[in-house]
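# Inside the fold
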Amino acid sequence: MAAWLEPLHAQARRMGNATLRGLVDDDPARAGDFSLRVGPIHANFARQRMDREALGALLGVAGDMALPVAMRALFDGATVNVSEQRPALHTALRSGLGQGEIATRARGQARAAHERMADSIATLEASEVTDIVNVGIGGSDLGPRLSVDALKDWRTGRFRLHFVGNVDASEAGHVLDGLDPRRTAVVLVSKSFGTQETLLNGAILRDWLGSGDRMHAVSANVAAAVAFGIDPGRVLPMWDWVGGRYSLWSTVGFSIAAAIGMQGFDGFLGGAAEMDAHALESPVEANLPLRHALTAVWNRNILGLPTQAVLPYDQRLALFPAYLQQLVMESLGKSVRTDGSPVATATVPVLWGGAGTNAQHSFFQALHQGTDVVPADFIGVVHPAHGHSGSHAVLLANLLAQSEALANGCADGDPQKAYPGNRPSTVLLLDALTPRSLGALIALYEHSVYLQATMWGINAFDQWGVELGKRIAGDLLPAVSGKGEARDPVTRALLAEIHGHG
Ligand SMILES: O=P(O)(O)OC[C@H]1O[C@H](O)[C@H](O)[C@@H](O)[C@@H]1O
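The rules behind these values
Residues numbered from 1 in each chain as written. Predicted model: local features only at pLDDT ≥ 70, side-chain atom pairs only at ≥ 80, totals over all residues. Heavy atoms only, no water. UniProt positions renumbered as here; feature names shortened; annotations may be inferred. Helix = DSSP H or I, 4+ residues; strand = E, 2+ residues; numbered from the N terminus. Buried < 20%, exposed > 50% of the residue type's maximum accessible area, 1.4 Å probe, protein only. Contact = heavy atoms within 4.5 Å. Lys, Arg positive; Asp, Glu negative; His and termini not counted. Charge placed at Lys NZ, Arg CZ, Asp CG, Glu CD. Salt bridge = Lys/Arg side-chain N within 4 Å of Asp/Glu carboxyl O. Pairing = 2+ DSSP bridges. Axes fitted to C-alpha atoms, helices over the stretch in contact; angles between N-to-C directions. Near = heavy atom within 4 Å. Polar contact = N/O pair within 3.5 Å; in protein donor to acceptor, adjacent residues only side chain to side chain. Areas by Shrake-Rupley, 256 points an atom, 1.4 Å probe, with all protein chains shown as cover. Nonpolar A, V, L, I, M, F, W, Y, C, P; charged D, E, K, R; others polar. Parallel < 35°, antiparallel > 145°, perpendicular 65-115°, else oblique. Left-handed = near helix turned anticlockwise from the far one by under 90°.

Looking at an unreviewed UniProt entry, the protein carries the name Glucose-6-phosphate isomerase, with the source organism given as Luteimonas vadosa. Of the comments in the UniProt record for the protein, the one headed Catalytic activity (unreviewed entry) reads "alpha-D-glucose 6-phosphate = beta-D-fructose 6-phosphate". According to the UniProt record, the Sequence similarities (unreviewed entry) comment for the protein is "Belongs to the GPI family."

Below you can see the structure in the form of structure tokens.
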């Protein structure tokens, strides 16, 4: 076991069987004290299973592990992505806090690309284009898809936005159905410009458009985009110093900017910048991303909870769990430390979730009475963008009720009807869902992920685990197409079945 976890385990032992209900009842100030506010986000951690002393120990660990120093290193462009020998400068895309040459150069590149993106969008706005299709996958899809959906109340209405990610061509087919190629622009987003799915979908879209005039690209591999047939004037750059799943702040956010306008996009960047300044400059005891990360580590390593649920009580944030699955599970799904040695702690929890109240009618049963305790992040929005205050009151009442029910449980003489309670959750409340608050929310999770990775000694910015499957798929392609044999016997049997139906 990692030595830094020992004092935390000692805290858990000291707390013994303390329950959430007991913690709140015994410490009347806790409900308010265990909360933090950053700009448009209020966070309440009172329903996490740690008392003040345990929290103090966690904050002590944060200091001992020099987490504030690690945060500064991220902003300044240290080589935090060790296996690929790169910095991870997503903060340079939105805030001016990074010091030194590397961060300054990145900011300059980001600014120039941002201006070019604004020009491209202005040109499209002045054209007859009515629809824009974002073609990309993973980090080149999830962030833009989430943000365009979440900010639907902030859309300028100038364009309809569409997304094609899956190599399952039925997605492209269904998206294109009803679109007019003469009034549609395509933006092919791929950091590497080597992603099979995106290149195949890109080719489908290129053929469908029938002209390269409305074909744009975003890539760190400009040469490959040009070789694909995209006019160099319509290829917007990104860079190896920004990770795909951290890239929506860059030109990868083209579809977001097209949807909500450059002013809205700048508000989005501004919200993230606000969280950046807070993450970098606030003391450990008042630092929201740090508290979020420490809570995650406490739940994973000390309480041994294997999964984490994210429950947005806002239909516009329904894609947030899917977005976070990449951010959290690609970043933290590692079993070796940056030096290659095995980790001495459990790392990534399985992250899952869904929008409330719908999820209450599907998997909440398991949250309340299942054998695994699942810590949850509830995300609520105080002011809706609609006028149905009655519905909104019901939505918020349900959010509050679920967090309360999970924590407090309910005894019953009939064991079928008893709720054990003591199930932890954090409540995040956004004043309203705006570009600014969404930017701040995403940046909160980004920083939390980085801090968790730092505590575990792992690299949050590589994803070698996705390569093997891609390689095998490449090797199997001839066999799937009936031009060869698979080596693996199970795959061979499955191929026989597939071909038997051919
Ligand atoms: O943007 P691209 O280079 O096309 O990459 C798209 C995605 O594919 C990769 O396999 C990675 O797992 C993701 O982190 C990445 O975002």
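That shown, we press on.
The next subject is the overall build of the protein. Counting its regular elements, the protein contains 18 helices and 11 strands. Principal-axis analysis of the C-alpha atoms gives the protein an extent of 70 × 55 × 50 Å. The proportion of buried residues among the 502 residues of the protein is 51%. When contacts within the protein are restricted to residue pairs at least 6 apart in sequence, those whose partners lie at least 24 apart make up 74%. The centroid of the 40 positive side-chain charges in the protein is displaced by 1 Å from the centroid of its 49 negative side-chain charges.

In this structure, Ser448 sits in helix H16 (residues 435-456). By relative accessible area, which is 1% here, Ser448 ends up buried. Not counting the four nearest positions on each side in its chain, Ser448 is found in contact with Pro289, His292 and Ala293.

Another point: the UniProt feature "active site" (unreviewed entry) in the protein. Listed under "active site" (unreviewed entry) in the UniProt record, and renumbered for this structure, are Glu330, His361 and Lys470. The annotated residues occupy 141 residues of the chain and do not converge on a single region, their most distant C-alpha atoms lying 36.4 Å apart. In this fold, Glu330 is placed in helix H13 (residues 320-332). The class of Glu330 is partly exposed, set by a relative accessible area of 21%. The residues touching Glu330, leaving out its near neighbours within four places in the chain, are Arg245, Gln325, Asp462, Gln463 and Val466.

The final tally for this structure, using the stated rule, is 23 salt bridges. Here Arg182 and Asp180 are joined by a salt bridge, their closest N and O atoms 3.2 Å apart. What emerges from the salt-bridge pattern is a single network uniting Arg14, Asp51 and Glu53.

With that out of the way, let us pick up the sheet that holds strand E5 (residues 184-189). Within the open sheet, the 5 strands sit side by side as E4-E3-E5-E6-E7. Their pairing is parallel. Each end of this open sheet is capped by a strand with a single partner; those strands are strand E4 (160-164) and strand E7 (235-237). Adjacent strand axes in the sheet meet at a mean angle of 20° when their direction is disregarded. Relative to E5, strand E3 (residues 131-135) runs parallel, the two being bridged by 5 bridges. Across the sheet, the residue bridging to Val133 is Val186, located in E5.

Lining the immediate surroundings of the ligand are 14 residues, of which Ser140, Ser190, Ser192, Thr195 and Glu330 lie closest. The separation between an oxygen atom of the ligand and a polar side-chain atom of Ser190 is 2.6 Å. Here Ser192 contributes a side-chain N or O atom positioned 2.6 Å from an oxygen atom of the ligand. When isolated, the ligand has an accessible area of 390 Å², and the protein chains bury 88% of it. A breakdown of the residues in the shell around the ligand according to their chemical character gives 2 nonpolar, 8 polar and 4 charged.

Spatially, 6 strands are ordered E1-E2-E11-E10-E8-E9 in an open sheet, and the strand pairing comes out mixed. Taken across any chain shown, the strands that pair with only one partner, and hence form the sheet edges, are strand E1 (35-38) and strand E9 (350-353). Adjacent strand axes in the sheet meet at a mean angle of 20°, parallel and antiparallel pairs treated alike. Two strands pair when backbone bridges link them, and strand E2 (residues 41-44) and strand E11 (residues 425-432) are joined in this way by 4 bridges, in the antiparallel orientation. By the bridge assignment, Ile41 is partnered in E11 with Leu430. Sitting on the sheet, helix H15 (residues 389-408) touches strand E8 (307-313), strand E10 (376-383) and E11, and the angle it makes with E10 is about 155°.

What follows covers the environment of Leu269. On the secondary structure map, Leu269 appears in helix H11 (residues 254-281). For Leu269, a relative accessible area of 8% puts it in the buried group. Each C-alpha atom of the pair Leu269 and Gln308 lies 27 Å from the other, and the pair is 39 residues apart in sequence. Look past the residues within four positions of Leu269 in its chain and what remains in contact with it is Leu93, Arg94, His114 and Trp249.

This part covers the packing of H13 against H16. Contact pair H13 / H16: the axes reach a minimum separation of 10 Å and the direction vectors enclose 25°. Compared by their axis directions, H13 and H16 come out roughly parallel. Of the two possible hands of crossing, H13 and H16 adopt the one that is right-handed. Along its contact with H13, which presents Phe320, Tyr323, Leu324, Leu327, Val328, Ser331 and Leu332, the element H16 presents Leu441, Ile442, Tyr445, Glu446, Val449, Gln452, Ala453 and Trp456. When its residues are assigned to classes, the contact of H13 with H16 shows 12 nonpolar, 2 polar and 1 charged.

This paragraph deals with the environment of Ala453. Following the sequence through the fold, Ala453 ends up in helix H16. Judged by relative accessible area, which is 1%, Ala453 ranks as buried. Filtering out sequence-adjacent residues up to four positions away, Ala453 remains in contact with Leu332, Ile458 and Ala460.

Let's shift gears to unusual backbone geometry. A cis geometry characterises the amide bond from Gly356 onward to Thr357, with omega recorded as 10°. Within the fold, Thr357 resides in the loop between E9 and helix H14 (364-369). Even without a glycine there, the phi angle at Gln85 is positive, about 50°. Turning to its location among the elements, Gln85 is positioned in the loop between helix H5 (67-76) and helix H6 (101-125). For Phe193, which is not glycine, the phi torsion reads 50° and is therefore positive. Inspection of the secondary structure assignment puts Phe193 in the loop between E5 and helix H9 (196-209).

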